[in-house]
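# Geometric and topological summary
In case you want the letters, here they are:
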Amino acid sequence: MKGGIDLGGTKIQAAVVDDSHEVLAQARHATPVRGGPPDVVAHMVEAVREAVEQVGAKTGDLDGVGVGSPGAIDAEAGVVAEARNLPGWDEPFAMGPALEKKLGTKVRVGNDVQVAVDGEFALGAGRGSSSLLGVWWGTGVGGGVILEGNPWLGRGAAGEIGHVVVKQGGARCPCGRRGCMEAYAGRAAMEMRARHLKKKGHQTKLFKIMEKHGRTRLQSGIWARALQAKDGMAVALIDRAVEALGTGVASAINVLDVETVVIGGGLGTRLGEPYVRRIEAAMMPHLFVSDRPPAVLPAALGDLGGAVGATLLV
Ligand SMILES: [Zn+2]
């Protein structure tokens, strides 16, 4: 029996799985918005404890706990740095050792997107493939690459498909560069564009829907609802995102020639199959070898995918 934690900027999702990775129990906490690393760790511990108690066990009974974390990860030391969407995470923090002390079992920490991609490869949409490109479409656009059955980390920075250039001298990306895929497809970049257009007098229901749902950001559900309501700005910005994703994915395929592309992340999961088909269609014209395209599939593990994928670290 193993534990997994998907640590995000808004939620902490814990899961307990058996030896065949079936989910036995799960628990979710909101990520604290104040405090610092020890407060985040306390909520992580609590979420695992709640999940483990549902199966009548203690955290010390677990064979180990894996964590998918944002930021720059030193897997060897269990240290997380630059996790800017976590509160007070200004300095590198030894998350793994802190969790081990409180959980009474070994803890392994990995990058959140890579962990989710590994999960889809081993247990989800990528099962049976030997090579895979994961595209995690959310606030940013993250990615992960698996070649001949093994994660390809490069020198530590591989898989950053969000920063593949889809337009030279194009839109400003949150990373500071121009023309990246994320500058068109990332939710943060799309929200900036929407706010800019609204300021210039363009009509949209996006922000009314956001307020109606008590949100301050254009989260995935807000985009989905605006698309359902056929809001012109939402449709145009998502169309632009789909084109950028298709272009970027095709460029990566031309280099890597992987068997399978899995589209996940907050927006990818929320918009699901119809939009995955549209990304596939947008990819086709840019493929150099177009008569045997890769399978393009939505992520299959759903909301628990990150936590279940994290259990593979132990
Ligand atoms: Zn960028």
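Keep in mind it's a predicted model, so treat the numbers as computed, not measured. (Residues numbered from 1 in each chain as written. Predicted model: local features only at pLDDT ≥ 70, side-chain atom pairs only at ≥ 80, totals over all residues. Heavy atoms only, no water.)

### Regarding the pattern of salt bridges
Counted under the stated rule, the structure contains 10 salt bridges. With a shortest N-O distance of 3.7 Å, Arg 84 and Glu 82 are connected by a salt bridge. Glu 191 serves as the salt-bridge partner of Arg 195, at 2.6 Å between the closest nitrogen and oxygen. A residue pair is termed a helical-turn pair when its members lie 3 or 4 positions apart in one helix, as Arg 195 and Glu 191 do in helix α5 (residues 187-199) at 4 residues. Salt bridges sharing partners connect three or more residues here, namely Glu 191, Arg 195 and Arg 217. (Salt bridge = Lys/Arg side-chain N within 4 Å of Asp/Glu carboxyl O. Helix = DSSP H or I, 4+ residues; strand = E, 2+ residues; numbered from the N terminus.)

### So, helix α9 (residues 265-283)
When the terminal C-alpha atoms of α9 are compared, their 18 Å separation across 19 residues is substantially less than the 27 Å that a helix rising 1.5 Å per residue should span. Roughly 110 degrees is the biggest bend found in α9, and it falls at Gly 272, with proline Pro 274 one to four residues downstream. The complete set of buried residues in α9 reads Gly 265, Leu 267, Gly 268, Leu 271, Gly 272, Tyr 275, Val 276, Ile 279, Ala 282 and Met 283. Looking at the buried residues of α9, the elements they touch are β9 (132-137), α5, α7 (220-228), α8 (232-256), β12 (260-264) and β13 (295-298). (Expected span 1.5 Å × (residues − 1). Bend = angle between axes of the 7 residues up to and from the residue. Buried < 20%, exposed > 50% of the residue type's maximum accessible area, 1.4 Å probe, protein only. Contact = heavy atoms within 4.5 Å.)

### Considerations on the pairing of strand β4 (residues 65-69)
Within β4, 5 of the 5 residues are buried, which leaves the element mostly enclosed by the surrounding structure. Neither face of β4 is exposed, since Val 65, Val 67 and Ser 69 on one face and Gly 66 and Gly 68 on the opposite face are all buried. Inspection of the sheet shows strand β1 (residues 2-7) paired to β4 by 4 bridges, in the parallel sense. In the strand pairing of β4, Gly 3 is matched with Val 65. Taken together, the 5 bridges between β4 and strand β8 (residues 107-111) define a ladder with parallel strand orientation. Directly across from Gly 68, in β8, lies its bridge partner Gly 110. (Pairing = 2+ DSSP bridges.)

### Side note on the coordination of the zinc ion
Those donors, His 163 (ND1), Cys 173 (SG), Cys 175 (SG) and Cys 180 (SG), are the protein atoms that reach the zinc ion, and they lie 2.0 to 2.4 Å from it. In the primary sequence, the donor residues of the zinc ion line up as H-x9-C-x1-C-x4-C. Within this pair, whereas His 163 is found in the loop between β11 (150-151) and α4 (182-185), its partner Cys 173 is found in the loop between β11 and α4, the two being separated by 10 residues in sequence. (Donors = N, O, S within 2.8 Å, 3.2 Å for Na, K, Ca; no water.)

### Structural notes on the sheet that holds strand β7 (residues 93-94)
Read from one edge of the open sheet, 3 strands run β5-β6-β7, paired in antiparallel fashion. In the strand order of this sheet, the two ends are held by β5 (72-74) and β7, each with one partner. Here strand β6 (residues 79-81) pairs with β7 via 2 bridges, running antiparallel. Counterpart to Val 79 in the pairing with β7 is Ala 94.

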